[in-house]
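Structural overview
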Amino acid sequence: MKCLPVVLAVLLALAVPLAAAERQGTDLFAGYSFAQIDNVNRNGGNAAVGFDLFGPIDGFVDASAHWGSSGAESLADLTLMAGPGARFGKRGGMVFFVRALAGLVRDRDSIAVLDVDISESYSRFGVLVGGGLDFPISKKLALRAQGDYLWNDVEEGSKSSGFRASAGIVYRFGIAP
């Protein structure tokens, strides 16, 4: 009970800037993505949509695909995530965002023996938490740098989580002049 006033004060301090946040409209992001999952470097692409949901809360939908190899094994992953977040900043200006997404993670491991490709695929639940910064180029275009941590549900003793960094271009819809 002694912590309750402190928790309420922190929540109030966080709620004031969120309530004053300017609506950002809808943005579409596409770019290069680098992931290090299970200590294996993977290269790929990332696409995302951010949109006003209600009040200070925004919605995000994110998809990414990465490819890499570990020895003779080829590795690929696909993530399809959605969830809430918040964007801070002025419309058409620099925007900082944070988000927590949940959805599908699909991994594929394969190895080629002579002319035969042997592969195994796994689909499971995953969580992606992170944020980023949009640097304006014009009213409708921005450059984005973002970082996320991917956690996904794997059997005990296995590891298939890691960090992802993406950079690319953002097109903003619904921006008032």
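Before any of the text, the structure's been laid out above.
Notes on the structure in this doc start here. Remember, predicted model here, so these are calculated numbers, not experimental data. (Residues numbered from 1 in each chain as written. Predicted model: local features only at pLDDT ≥ 70, side-chain atom pairs only at ≥ 80, totals over all residues. Heavy atoms only, no water.)

1. A few points about the overall build of the protein chain
Scanning the protein chain from N- to C-terminus turns up one helix and eight strands. When the elements of the protein chain are put in sequence order from the N terminus, they spell out α-β-β-β-β-β-β-β-β. When each of the 177 residues of the protein chain is scored for burial, the buried share is 33%. When contacts within the protein chain are restricted to residue pairs at least 6 apart in sequence, those whose partners lie at least 24 apart make up 57%. For the protein chain, the exposed area adds up to about 9900 Å²; of that, 69% sits on carbon and sulfur atoms. (Helix = DSSP H or I, 4+ residues; strand = E, 2+ residues; numbered from the N terminus. Buried < 20%, exposed > 50% of the residue type's maximum accessible area, 1.4 Å probe, protein only. Contact = heavy atoms within 4.5 Å. Areas by Shrake-Rupley, 256 points an atom, 1.4 Å probe, with all protein chains shown as cover.)

2. Thoughts on the pairing of strand β7 (residues 141-152)
Side chains of β7 alternate between two faces, with A142, R144, Q146, D148, L150 and N152 buried and L141, L143, A145, G147, Y149 and W151 left unburied. Note: strand β6 (residues 116-136) against β7, 11 bridges, orientation antiparallel. Opposite G131, over in β7, you have G147 as the bridge partner. Strand direction decides the pairing type here: β7 and strand β8 (residues 162-173), joined by 10 bridges, are antiparallel. The residue bridging D148 from the neighbouring strand is R164, located in β8. (Pairing = 2+ DSSP bridges.)

3. Regarding the packing of aromatic side chains
Within a pair of aromatic rings, the relevant descriptors are the distance that separates the centres and the angle that separates the planes. What the rule picks out here adds up to four aromatic pairs. Here the aromatic rings of F88 and F96 are separated by 6.2 Å at their centres, their planes lie at 20°, and the arrangement is stacked. Accessibility expressed as a relative area gives 28% for F88, which makes it partly exposed. Between the aromatic rings of Y149 and F163, the centroid separation amounts to 4.9 Å while the plane-to-plane angle is 65°, which identifies the pairing as edge-to-face. Taken together, the residues Y149 in strand β7 and F163 in strand β8 connect sequence positions 14 residues apart. Accessibility expressed as a relative area gives 56% for F163, which makes it exposed. (Phe/Tyr/Trp six-rings, centres within 6.5 Å; stacked < 30°, edge-to-face > 60°.)

4. As for the pattern of salt bridges
This model, assessed by the stated rule, comprises 12 salt bridges. One salt bridge in this structure joins R87 and D27, with 2.8 Å as the shortest N-O distance. Taken as a pair, R87 in strand β4 (residues 73-89) and D27 in strand β1 (residues 26-37) lie far apart in primary sequence, 60 residues in all. Overall, the relative accessible area of 2% leaves R87 in the buried class. When the shortest N-O distance is used, the salt bridge between D148 and R164 registers 2.8 Å. Taken together, the positions of D148 in strand β7 and R164 in strand β8 put the pair 16 residues apart, joining distant regions of the chain. For R164, a relative accessible area of 5% corresponds to the buried category. Each of D27, D52, D58, R87, D134 and R144 takes part in a single network of salt bridges with overlapping partners. (Salt bridge = Lys/Arg side-chain N within 4 Å of Asp/Glu carboxyl O.)

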